[in-house]
Amino acid sequence: MAMKTTLVVGANGGIGHAVVNYLCEDPTISLIETVSRSEYKHQDKRVFHTVIDVASEDSIKRYVNERKTSHQRFDAVYICTGILHSDKAPALKPEKRLEDISQRQFLEYFQINTIQPSIWLSALVSVMTNNYSVIALITARVGSIEDNRLGGWYGYRSSKAALNMVIKSAAVEYARRSPSTILLSYHPGTVDTSLSKPFQANVAPKKLFTADFTAQRLVDLSYSLDIEESPYFLDWAGKPIPW
Ligand SMILES: NC(=O)c1ccc[n+]([C@@H]2O[C@H](COP(=O)([O-])OP(=O)(O)OC[C@H]3O[C@@H](n4cnc5c(N)ncnc54)[C@H](OP(=O)(O)O)[C@@H]3O)[C@@H](O)[C@H]2O)c1
């Protein structure tokens, strides 16, 4: 049986940690590399953690280059990082109206939600296996331009829409340079993590998913895709979302 190697970026996040746990249930995985801005401990011996300053482009590139040099390849990568709000000064708050738009907030949303995952996509092209492989990036339905009926959340929405554009463009190049790699933009639904906490009041209990549920859906979905159809923009139920 071919053993798989995986990478989870953002292992200390609610969804990232649940993805690691779910991967640990798979006996065909030999290595689960994890990356975070801080320490991360897991009892499974296959989990190998690296602390990375993800704000630094060089750190990401160095991390991937080290794997390339040692002929380490990935069958599946899950990029689970992102930000919607923060209480840390200066606070970050999704905009309700045009007047709330600010350069500082936009820069932060784009730095974390668009630029960092794009640097990962750029670096990973040289380290994916040439069997079936997948890079899944957690975006959000609100990043769909066509699906936008409610407005608001200018920075978050735009940063996720921009990431989708990067994924679309990258898929063209991946098809040439890493032709067995599928790119997946994944909407997890509303998941009970610190990211969604302030916005859960109006979510019906059965529409508020656990991180374990979304991780299971994401990982199972990521192994069921067709290379010819890449890139995908799918929700937790596997339904396509218009870009
Ligand atoms: N929860 C939801 O309802 C929901 C809905 C739609 C989409 N999403 C998306 O799902 C992804 C995961 O979110 P989550 O719900 O798991 O949220 P979470 O528990 O708050 O985790 C956030 C993740 O983003 C990383 N992160 C946070 N601030 C960062 C910063 N300043 N610089 C770099 N990385 C930072 C963290 O990385 P470390 O591991 O380094 O701490 C962590 O992995 C995000 O992309 C989010 O937009 C979530």
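Rules used throughout
Residues numbered from 1 in each chain as written. Predicted model: local features only at pLDDT ≥ 70, side-chain atom pairs only at ≥ 80, totals over all residues. Heavy atoms only, no water. Helix = DSSP H or I, 4+ residues; strand = E, 2+ residues; numbered from the N terminus. Expected span 1.5 Å × (residues − 1). Contact = heavy atoms within 4.5 Å. Pairing = 2+ DSSP bridges. Axes fitted to C-alpha atoms, helices over the stretch in contact; angles between N-to-C directions. Near = heavy atom within 4 Å. Polar contact = N/O pair within 3.5 Å; in protein donor to acceptor, adjacent residues only side chain to side chain. Nonpolar A, V, L, I, M, F, W, Y, C, P; charged D, E, K, R; others polar. Core = buried A, V, L, I, M, F, W, Y, C linked by side-chain atoms within 4.5 Å. Buried < 20%, exposed > 50% of the residue type's maximum accessible area, 1.4 Å probe, protein only. Phe/Tyr/Trp six-rings, centres within 6.5 Å; stacked < 30°, edge-to-face > 60°. Lys NZ or Arg CZ within 6 Å of the ring centre and 35° of its normal.

### Digging into helix α2 (residues 57-69)
So, point 1. Its 13 residues give α2 an end-to-end C-alpha distance of 18 Å, which sits within 8% of 18 Å, the value for a rise of 1.5 Å per residue.
So, point 2. Against β1 (4-9), β2 (29-36), β3 (47-51) and α3 (103-124) lie the buried residues of α2.
So, point 3. Just beyond α2, the residue with positive phi is His71, at close to 60°.

### As for the sheet that holds strand β4 (residues 76-79)
Strands pair in a sheet through their backbones, by hydrogen bonds, and they do so in one of two ways: parallel or antiparallel.
So, point 1. If you walk across this open sheet you meet the 7 strands as β3-β2-β1-β4-β5-β6-β9, and the pairing is parallel. The sheet is open, and its two borders are formed by β3 and β9 (232-235), each paired with just one other strand. Each adjacent strand pair in this sheet contributes to an overall mean axis angle of 20°, direction not counted.
So, point 2. Here 4 bridges tie β1 to β4, and the two strands are oriented parallel to one another. If you follow Thr6 over to β4, its bridge partner there is Ala76.
So, point 3. Running at roughly 165° to strand β6 (residues 181-187), helix α4 (residues 154-177) makes contact with β5 (133-138), β6 and β9 of the sheet.

### A few points about the site of the ligand
So, point 1. As a structural note, the neighbourhood of the ligand is formed by 28 residues, with Gly14, Ser36, Tyr156, Val191 and Thr193 the closest of them.
So, point 2. Thr81 places a polar main-chain atom, nitrogen or oxygen, 2.8 Å from an oxygen atom of the ligand.
So, point 3. One of the backbone nitrogen or oxygen atoms of Ile138 is found 3.4 Å away from an oxygen atom of the ligand.
So, point 4. Broken down by secondary-structure element, the contributors of at least two residues to the shell around the ligand are α1 (14-24), α3, α4 and β7 (190-191).
So, point 5. For the shell around the ligand, the per-class residue count stands at 12 nonpolar, 14 polar and 2 charged.

### Quick word on the nonpolar core
Considering soluble globular proteins, one finds that nonpolar side chains tend to be buried as a cluster.
So, point 1. Core analysis: the biggest nonpolar cluster contains 30 residues, and Val19, Val20, Leu23, Tyr78, Leu184 and Leu218 have the highest contact counts within it.
So, point 2. With 6 residues, α1 is the single largest residue contributor to this core.
So, point 3. When sequence neighbours within four positions are dropped, the list of residues in contact with Val19 reads Val8, Tyr78, Cys80, Ala215, Leu218 and Val219.
So, point 4. With 27 residues, the next largest nonpolar core counts Val35, Leu121, Leu137 and Leu163 among its residues.

### Considering the packing of aromatic side chains
So, point 1. According to the stated counting rule, one finds 9 aromatic pairs in the structure shown.
So, point 2. Ring geometry for Tyr109 versus Tyr156: centroids 6.2 Å apart, planes at 70°, classification edge-to-face. A residue pair is termed long-range when its members are at least 10 positions apart, and Tyr109 in helix α3 and Tyr156 in helix α4 qualify at 47 residues.
So, point 3. Classification of Tyr156 as buried rests on a relative accessible area of 7%.
So, point 4. Pairwise contacts between aromatic rings join Tyr109, Trp153, Tyr156 and Phe199 into one cluster.
So, point 5. The ring of Tyr223 has Lys4 sitting right over it, with the charged end atom 4.6 Å from the ring centre.
So, point 6. Between Arg67 and the ring centre of Tyr63, over which it is positioned, the NZ or CZ distance is 3.7 Å.

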